[in-house]
Amino acid sequence: MGAQVASTLALAAAGDEVAFARLVDAYHADLVRVAYVVSGDPELARDAAQSAWTIAWRKLGTVRDPERVKGWLISVTANEARQMVRRQHRRTVIEIRTGADPDPAPGGSDPSSAIDRVDLTNALAHLKPEDRGLLAMRYVAGLDSFEIGAMRRMSASGVRIRLARLLDRLRKDLDDD
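Only a predicted model underlies this, so the values are computations on that prediction, with no experimental measurement involved.

Thresholds, definitions, all that
Residues numbered from 1 in each chain as written. Predicted model: local features only at pLDDT ≥ 70, side-chain atom pairs only at ≥ 80, totals over all residues. Heavy atoms only, no water. Phe/Tyr/Trp six-rings, centres within 6.5 Å; stacked < 30°, edge-to-face > 60°. Helix = DSSP H or I, 4+ residues; strand = E, 2+ residues; numbered from the N terminus. Buried < 20%, exposed > 50% of the residue type's maximum accessible area, 1.4 Å probe, protein only. Lys NZ or Arg CZ within 6 Å of the ring centre and 35° of its normal. Contact = heavy atoms within 4.5 Å. pLDDT = per-residue confidence, 0-100. Salt bridge = Lys/Arg side-chain N within 4 Å of Asp/Glu carboxyl O.

(A) Representation of the packing of aromatic side chains. Across all of its chains, the model carries 2 aromatic pairs by this definition. Ring geometry for F20 against W53: centres 5.6 Å apart, planes inclined by 90 degrees, an arrangement best described as edge-to-face. With a gap of 33 residues between them, F20 in helix α2 (residues 17-39) and W53 in helix α3 (residues 42-59) connect regions that are remote in the sequence. Taking the relative accessible area as the measure of exposure, W53 reaches 4% and is therefore buried. An angle of 75 degrees between the planes, with centres 4.8 Å apart, marks the rings of F20 and W57 as edge-to-face. Taken together, the residues span a long stretch of sequence, with F20 in helix α2 and W57 in helix α3 at a distance of 37 residues. For F20, a relative accessible area of 12% corresponds to the buried category. According to the relative accessible area criterion, W57 is partly exposed, its value standing at 35%. Ring pairing ties together the aromatic residues F20, W53 and W57, which thus form one cluster. Sitting over the ring of Y139, R138 keeps its end group 5.5 Å from the ring centre.

So this is what it looks like as structure tokens:
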């Protein structure tokens, strides 16, 4: 897989639109998920991912290690989402989606899971966008502390400490509810 990623990245950096489309196909969903965790807004998340792809198209040639292209793309996306949140300076309304069927079948989804999601979303909303980005890089995109540290200009142990503090804060916020 490593040679395939390197080859696709090299072709895309040289202007091959088909190779770039392969990168978009491989990573777009991850970028949108990370941007959503940072912003809390589905529309803003899609916009941030699109903006990140525009930047990526121009700067793919700067990626030194093809194996880290996913982390690089996620970092660009998280930065774009943070900047968009700052520019908008607005709070988002959290939509609670209900199923189309008003009378779910027995054994269907547990309504308490929706409450848990709302509680988590509210707790995340109290964090800074930078902190939500850090959590998204680790738990949504699955990057390790070394990859995050390289992108955030932090040591791996510094990343782990900050993540532990953020998780403690989230646990406390969720327990208080």
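(B) Structural context of the side chain of R152. Following the sequence through the fold, R152 ends up in helix α7 (residues 145-152). R152 has contacts with R82, E130, G133, L134, M137 and R162, leaving out every residue within four places of it along the chain.

(C) The confidence of the model for the protein, seen in detail. Per-residue confidence for the protein gives a mean pLDDT of 83; residues scoring 70 or more make up 84%. Contacts of residues 92-107 to residues separated by more than four positions or lying in other chains number 6 contacts, the stretch itself having pLDDT below 50.

(D) Geometry of the pattern of salt bridges. Counting across every chain of the model gives 6 salt bridges. Here R68 ties to D65 by a salt bridge, and the two come within 3.5 Å at their closest N and O atoms. Residue R68 is classed as partly exposed on the basis of its relative accessible area, which comes to 43%. One salt bridge in this structure joins E130 and R86, with 1.9 Å as the shortest N-O distance. Residue E130 is located in helix α6 (residues 129-140), and its partner R86 is located in helix α4 (residues 69-88); the two are separated by 44 residues in the primary sequence. Residue class for R86 comes out partly exposed when judged on its relative accessible area of 42%.

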